[in-house]
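Here's the letter readout for the chains.
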Amino acid sequence: MSVKNMSPAMKKLDELISQGRFHFNCPVLAFALSNVNVHYDYKQNIYPRKPDKTSDRKIDPAIALFLALNRTLLTQIDDDSERSIYETRGIITL
């Protein structure tokens, strides 16, 4: 967990929310996201912080979301030949 990993994911989540493309129905995640304070470093990277270190307002589900989103951003494939059949065709239901 570093600013290098969190910043792109947090910026992408902000973009998805702004576009109306991020939907969830999880009160725990909503609570965690509401507890995140965004901090900037001198390179304009952003990273999550709790309101204060002694706060009992947890942000762990939000951190898990940022890490998962970061992994998704790192593993995006541009070449269709390397894509899974489920990504190109979709899931078939019987």
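Predicted, not measured: the structure shown is a model, and the values here were computed from it.

Visitor: How would you sum up the nonpolar core? Please name residues and give values.
Guide: What tends to happen in soluble globular proteins is that the nonpolar side chains get buried as a cluster. In this structure, Met6, Met10, Leu13, Val36, Ala62, Ile63 and Phe66 are the most contacted members of the largest nonpolar core, which totals 14 residues. When contributions to this core are tallied by element, the ones reaching two or more residues are α1 (3-18), α2 (27-35) and α3 (60-74). In terms of residue count, α3 provides more of this core than any other element does, 5 residues in total. Setting aside chain neighbours within four positions, we find Val36 in contact with Met10, Pro48, Arg49, Ile59 and Ala62.

Visitor: So what's going on with the packing of α1 against α3? Residues and values would help.
Guide: Close contact between α1 and α3 brings their axes to 8 Å; oriented N to C, the two are set at 95°. When the interaxial angle is binned, α1 and α3 end up roughly perpendicular. Mapping the contact onto sequence places Asn5, Met6, Pro8, Ala9, Met10, Lys12 and Leu13 in α1 and Ile63, Leu65, Phe66, Leu67, Leu69, Asn70 and Leu73 in α3. Class assignment of the residues belonging to the contact of α1 with α3 gives a composition of 11 nonpolar, 2 polar and 1 charged.

Reading the values: the criteria
Residues numbered from 1 in each chain as written. Predicted model: local features only at pLDDT ≥ 70, side-chain atom pairs only at ≥ 80, totals over all residues. Heavy atoms only, no water. Core = buried A, V, L, I, M, F, W, Y, C linked by side-chain atoms within 4.5 Å. Buried < 20%, exposed > 50% of the residue type's maximum accessible area, 1.4 Å probe, protein only. Helix = DSSP H or I, 4+ residues; strand = E, 2+ residues; numbered from the N terminus. Contact = heavy atoms within 4.5 Å. Axes fitted to C-alpha atoms, helices over the stretch in contact; angles between N-to-C directions. Parallel < 35°, antiparallel > 145°, perpendicular 65-115°, else oblique. Nonpolar A, V, L, I, M, F, W, Y, C, P; charged D, E, K, R; others polar.

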